[in-house]
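The primary structure of each chain is shown beneath.
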Amino acid sequence: MIGHSASPPDPLAARTTSPKEMNMNEDTSASSGQVRQAGPIVVGVDGSDSSRRALQWAVEEGAAHGNSVLAIRTYSIPALATADPGFVLQPVDIQELANAWRKVLDGEVAAASRGRDAVKIDAKVIEGPAARALIDASQKASTLVVGSRGLGGFVGLLLGSVSQQCVTHAHCPVVVIR
């Protein structure tokens, strides 16, 4: 046959690269020979039981592999409020709200880090949707850890909306803790 090769070209042959070339975020441990991702373990914390377990897992994983942990708590300010006639809405002090969430997050981090002083844990409070903040943070993370369900009202779901979005859109491996 004219113009037809005996076998199709191997699409993977042109992609032969070393592990270092495939992912510039990888770090090879000299002692174990294992490849691990550089960067923090990012964990979403919303006060739910599964997020507490996720934070605990992230701290233990950080201790085992030498990663720092970045705990993220988000909050949203309602765009619209309604009230009965005669009721006066007070403006929200955004800094006061952020400080209150920071205090809650610091308490969660302190509880999870007891006995794990060697693990560096940063805590960040971010205004905005939780999924967006976690997905953005996943760009520089070794791993993203989330609880299977947060404080949302759909009790029968195995995976909450934030967890689902993170699993679908994160830039790093995602661990979902039940």
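Look up a bit, the structure's there.
Here is what the cut-offs are and how they apply
- Residues numbered from 1 in each chain as written.
- Predicted model: local features only at pLDDT ≥ 70, side-chain atom pairs only at ≥ 80, totals over all residues.
- Heavy atoms only, no water.
- Helix = DSSP H or I, 4+ residues; strand = E, 2+ residues; numbered from the N terminus.
- Buried < 20%, exposed > 50% of the residue type's maximum accessible area, 1.4 Å probe, protein only.
- Polar contact = N/O pair within 3.5 Å; in protein donor to acceptor, adjacent residues only side chain to side chain.
- Phe/Tyr/Trp six-rings, centres within 6.5 Å; stacked < 30°, edge-to-face > 60°.
- Lys NZ or Arg CZ within 6 Å of the ring centre and 35° of its normal.
- Core = buried A, V, L, I, M, F, W, Y, C linked by side-chain atoms within 4.5 Å.
- Contact = heavy atoms within 4.5 Å.
- Pairing = 2+ DSSP bridges.
- Axes fitted to C-alpha atoms, helices over the stretch in contact; angles between N-to-C directions.

Undergrad: Looking at this structure, how should I read the side chain of Ser163?
TA: Along the chain, Ser163 turns up in helix 5 (residues 161–169). Ser163 sits in the buried class, given a relative accessible area of 5%. A distance of 3.3 Å separates the side chain of Ser163 from the backbone oxygen of Ser148, its partner in a polar contact.

Undergrad: Help me understand the packing of aromatic side chains, please; the structure alone is not making it clear to me.
TA: This model, assessed by the stated rule, comprises zero aromatic pairs. Above the ring of Trp101, the side-chain terminus of Arg73 is found at 3.7 Å from the ring centroid.

Undergrad: Hey, could you run me through the nonpolar core in this one?
TA: Across soluble globular proteins, nonpolar side chains show a tendency to be buried alongside one another. Counting residues in each nonpolar core, the largest one holds 16 residues, and the members touching the most others are Val43, Leu55, Ala71 and Val145. Sort the elements by how many residues they give to this core and helix 2 (residues 49–65) lands first, with four residues. Once residues lying within four places of it in the same chain are set aside, the contact partners of Ala71 are Val43, Val45, Leu55, Leu105, Val109, Asp122, Ala123 and Lys124.

Undergrad: In this structure, what is going on with the sheet that holds strand 7 (residues 174–177)? I would like to understand it.
TA: Strands in a sheet are paired, the pairing made by backbone hydrogen bonds, and the direction either parallel or antiparallel. Taken in spatial order, the five strands line up as 5-4-3-6-7 in an open sheet, and their pairing is parallel. Two strands in the sheet have a free side with no partner beyond their single neighbour: strand 5 (121–127) and strand 7. If you compare each strand with its neighbour and ignore which way they point, the axes differ by 20 degrees on average. Here strand 3 (residues 41–44) runs beside strand 4 (residues 69–75); their pairing, made up of four bridges, is parallel. The partner of Ile41 across the bridge, within strand 4, is Val69.

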